[in-house]
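Structure at a glance
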Amino acid sequence: MAVATDREYGLFIDGELVEPASGELRDLAEPATGDPLGRAAMAGPDDVDRAVAAARGALSGPWGKTGPTERSRLLHALADAVVANRKELAELETRNVGKAIASVKAEVAVAEQNFRFFASVLGSLAGRSHPVGGSLLYYSLREPVGVCAQIVPWNYPVMMTAWKLAPALAAGCTVVLKPDPATPLSALRIAELAAEVGIPNGVVNIVPGDGPTTGAYLVGHPGVDKVSFTGSTRSGSEVMKLASDPVKRLSLELGGKSPNLIFADAKLEDAIPSSAYAIYYSAGQSCDARSRVLVEESVYDEVVAGLAEAAGKVKVGDPLDPETQMGSLISDVHRGKVHGFVEEGVSEGAEVVAGGEPGNGGGAFYPPTVLAKVENRMVVAQEEIFGPVVVAIPFADEKEAIALANDSRYGLVATVWSQDPARGHRVAARLKAGTVGVNMPYSAFPGIPFGGYKQSGFGRETGLETLDLYTESKGVILQTGPKPVNPFGL
Ligand code: NAD
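Residues numbered from 1 in each chain as written. Predicted model: local features only at pLDDT ≥ 70, side-chain atom pairs only at ≥ 80, totals over all residues. Heavy atoms only, no water.

Thoughts on the domain arrangement of the protein
- Split into domains, the protein comes out as domain 1 (8-254 + 456-475) and domain 2 (259-438).
- With centres defined by C-alpha atoms, the gap from domain 1 to domain 2 works out at 31 Å.
- The partner domain 2 presents 27 residues to the 23 residues of domain 1 that form the contact.
- Taken together, the connections running from domain 1 to domain 2 amount to zero salt bridges.
- Linking domain 1 with domain 2 are eleven residue pairs in polar contact (both at pLDDT 80 or more).
- Listing elements by their share of the side of domain 1 that touches domain 2, those giving two or more residues are helix 3 (86-97) and helix 4 (101-121).
- Counting residues per element, the side of domain 1 that touches domain 2 draws most heavily on helix 3, which supplies five residues.
- Across the side of domain 1 that touches domain 2, the residue classes break down as nine nonpolar, nine polar and five charged. (Domains from an automatic or database assignment. Contact = heavy atoms within 4.5 Å. Salt bridge = Lys/Arg side-chain N within 4 Å of Asp/Glu carboxyl O. Polar contact = N/O pair within 3.5 Å; in protein donor to acceptor, adjacent residues only side chain to side chain. Helix = DSSP H or I, 4+ residues; strand = E, 2+ residues; numbered from the N terminus. Nonpolar A, V, L, I, M, F, W, Y, C, P; charged D, E, K, R; others polar.)

So, the packing of aromatic side chains
- As enumerated under the stated definition, the model contains seven aromatic pairs in all.
- Aromatic pair tryptophan 163 and phenylalanine 450: ring centres 5.3 Å apart, planes at 65°, arrangement edge-to-face. Separated by 287 residues along the polypeptide, tryptophan 163 in helix 5 (residues 157-170) and phenylalanine 450 in the loop between strand 20 (435-438) and strand 21 (453-454) bring together distant segments of the chain. The exposure classification of tryptophan 163 matches that of phenylalanine 450, with both residues buried.
- Ring geometry for tyrosine 277 against tyrosine 442: centres 5.8 Å apart, planes inclined by 75°, an arrangement best described as edge-to-face. In this pair, tyrosine 277 is assigned in helix 9 (residues 268-280) and tyrosine 442 in the loop between strand 20 and strand 21, connecting sequence segments 165 residues apart.
- An aromatic cluster of three or more residues is present, and its members are Tyr277, Tyr281, Tyr442 and Phe445.
- Above the ring of tyrosine 156, the side-chain terminus of lysine 99 is found at 3.7 Å from the ring centroid. (Phe/Tyr/Trp six-rings, centres within 6.5 Å; stacked < 30°, edge-to-face > 60°. Buried < 20%, exposed > 50% of the residue type's maximum accessible area, 1.4 Å probe, protein only. Lys NZ or Arg CZ within 6 Å of the ring centre and 35° of its normal.)

Here we look at the environment of arginine 335
- Position of arginine 335 relative to the elements: it lies in helix 11 (residues 332-347).
- Arginine 335 gets classed as buried once you look at its relative accessible area, which sits at 13%.
- Taking C-alpha positions, arginine 335 is 9.6 Å from phenylalanine 386, a pair spaced 51 residues apart along the chain.
- Look past the residues within four positions of arginine 335 in its chain and what remains in contact with it is Leu329, Pro358, Gly359, Gly361, Gly363, Ala364, Phe365 and Tyr366.

Overview of the packing of helix 5 against helix 6 (residues 185-196)
- At a minimum axis distance of 8 Å, the contact between helix 5 and helix 6 shows a crossing angle of 45°. Taken as axis vectors, helix 5 and helix 6 run oblique relative to one another. Considering how the two elements wind past one another, helix 5 and helix 6 form a crossing that is right-handed. Contacts from Pro157, Val158, Thr161 and Leu165 in helix 5 reach Ser186, Ala187 and Ile190 in helix 6. (Axes fitted to C-alpha atoms, helices over the stretch in contact; angles between N-to-C directions. Parallel < 35°, antiparallel > 145°, perpendicular 65-115°, else oblique. Left-handed = near helix turned anticlockwise from the far one by under 90°.)

What about the site of the ligand?
- As a matter of local geometry, the ligand sits amid 28 residues, with Val152, Lys178, Ser232, Ser235 and Glu384 nearest to it.
- A distance of 2.7 Å is found between an oxygen atom of the ligand and a side-chain nitrogen or oxygen belonging to serine 232.
- Interatomic distance of 2.7 Å between a side-chain N/O atom of serine 235 and an oxygen atom of the ligand.
- For the ligand, whose free accessible area comes to 840 Å², the fraction covered by protein is 90%.
- Sorting the residues of the shell around the ligand by element identifies helix 7 (211-220), strand 11 (226-230) and helix 8 (233-242) as the ones contributing at least two each.
- For the shell around the ligand, the per-class residue count stands at 14 nonpolar, nine polar and five charged.
- Taken domain by domain, the makeup of the shell around the ligand includes at least three residues from each of domain 1 (8-254 + 456-475) and domain 2 (259-438). (Near = heavy atom within 4 Å. Areas by Shrake-Rupley, 256 points an atom, 1.4 Å probe, with all protein chains shown as cover.)

A few points about a positive patch on the surface
- Taken together, Lys399, Arg430, Lys432 and Lys454 make up a surface patch of like positive charges.
- Within the fold, lysine 399 resides in helix 13 (residues 398-406). (Patch = residues over 30% accessible without salt bridge, like charges linked within 9 Å, V, L, I, M, F, W, Y side chains within 5 Å. Lys, Arg positive; Asp, Glu negative; His and termini not counted. Charge placed at Lys NZ, Arg CZ, Asp CG, Glu CD.)

Describing the sheet that holds strand 4 (residues 24-29)
- The three strands lie next to each other as 1-5-4, forming an open sheet whose pairing is mixed. Strand pairing shows two members of the sheet lacking a second neighbour, strand 1 (8-9) and strand 4, which therefore form its edges.
- Pairing of strand 4 with strand 5 (residues 36-42), which is carried by five bridges, proceeds in the antiparallel orientation. Among the inter-strand pairings, glutamate 24 is bridged to a residue of strand 5, identified as methionine 42. (Pairing = 2+ DSSP bridges.)

Section: the nonpolar core
- Among the nonpolar cores identified, the biggest contains 65 residues, and Phe115, Leu169, Ile199, Val204 and Ile206 are the most heavily contacted of them.
- Here this core gets ten residues from one element, more than from any other, and that element is helix 5.
- In this structure, this core is formed jointly by two domains, domain 1 (8-254 + 456-475) and domain 2 (259-438), each of which donates at least three residues.
- Leu261, Val299, Val370 and Val374 belong to the second-largest nonpolar core, a separate cluster that totals 57 residues. (Core = buried A, V, L, I, M, F, W, Y, C linked by side-chain atoms within 4.5 Å.)

As for the side chain of serine 140
- Among the secondary structure elements, serine 140 is positioned in strand 7 (residues 136-144).
- Those residues in contact with serine 140 that sit more than four places away from it in its chain are Gly127, Arg128, Ser473, Lys474 and Gly475.

Quick look at the sheet that holds strand 20
- Pairing in this open sheet of seven strands is mixed, and the strands run 15-16-17-14-13-19-20 from one edge to the other. Of all strands in the sheet, those bounded by a partner on one side alone are strand 15 (351-354) and strand 20. Direction aside, the axes of adjacent strands within the sheet are offset by 25° on average.
- Bridge analysis of strand 14 (residues 292-296) against strand 17 (residues 389-395) gives five bridges, and the strand direction is parallel. For valine 295, the partnering residue across the bridge sits in strand 17 and is proline 394.

Listed below in structure tokens is the structure:
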């Protein structure tokens, strides 16, 4: 499939691209230029019904009898297909999302590694045996949960699709995945590749559509056994209600306002550029963006000046240029929201020391921005801006740094910069976050669990424990003696 502006993209149901029963085709545009990028079908309730029926049917078809060795082979084949098509996937995603292609290439590589990781570890899906006592023997079986509704946001479509599909397929489940309506292209392409490598029809279904209608209908669907949602905390709260009737298994990966603690004893020449990377990567449109920089008072001015200088050096521009470090935001509307936060910060007393003006050019660009003189109670320190905006907040000592870091409804990731190893461990232990990095800016790797504390959600993705989210444990208790246990003596 070539990237073509006149392309119409169907839904992916039961092994093929199909026209939507809804009849709705929506125009897509490249966020960085406003140029048209084809039209994508949007799923309505009838389409979701059809996709769920296909997923249910696949569970009782050949896929349901596929053993771990074959599932592992298919997932490795899908990883190979991602590698073989990586250039096309990266370009498609870059055009659709507006992010720098250098970043997107890395995300496609992570997608491949994620399929690879679950292909490799699914053999560890084993039960255990236990001598209960007397003549009884217990053993457990791990069975697929069933049909999974998976909902992903627009900020990492290809990577999130792999994060969701890989563990579900490894466990033997089937999937109906709903991408964001603005960014469905890479998920559709991954589904095509899944079919090409031989994953049976109905195992992977893709139904783009709006959240409050298509997404809500899918989450509440009685044919769905498990819901895995990635998105904002507000939507996650809604999904939690919808998934409760009828009761479904649920995991949520939600928002963040992640702190980045820079102590005076940190190696500032590493801490400052890495902190800039940790906010401006993906133009700040990352759940794990370290958007709250907490700085020890004695180095506050130096760090703020360093961040402002780094912000000015980030190469912002054409997302398809391999030299570009930061592309556009997802849309003009989103850019307006980001700028609204900056204006609100200024009205609360923050000072713009870099960026802060949207500019007049075309495309949804926003410059790397640093806000100083921020207090943790301000809206810009508490709300997820989801753009290239970092706030810098001073702290007096370690105790206050930890208190400020934890003074947030979120708890996704955190980073600590200090050359004192004992402090690194001590602070990491006291931060309420799913992942804490010490002296490095990364937070997610295939194989390492990723997920949040507090209102950043629950359940962990990309790690071994993710398989628990997609399996039921069934206990079997066996009488091994000559006479059945019969306490009534009947
Ligand atoms: P969003 O919640 O608006 O949308 C996310 C997805 O959920 C979309 O596909 C949307 O259509 C769907 N949706 C929205 N309301 C729904 C409903 N009521 N029922 C079912 N589906 C619904 O979020 P967004 O703005 O698109 O994405 C950004 C958010 O995602 C940020 O808060 C970010 O932190 C979060 N995120 C979290 C992680 C993580 O791993 N924790 C990763 C990426 C993004």
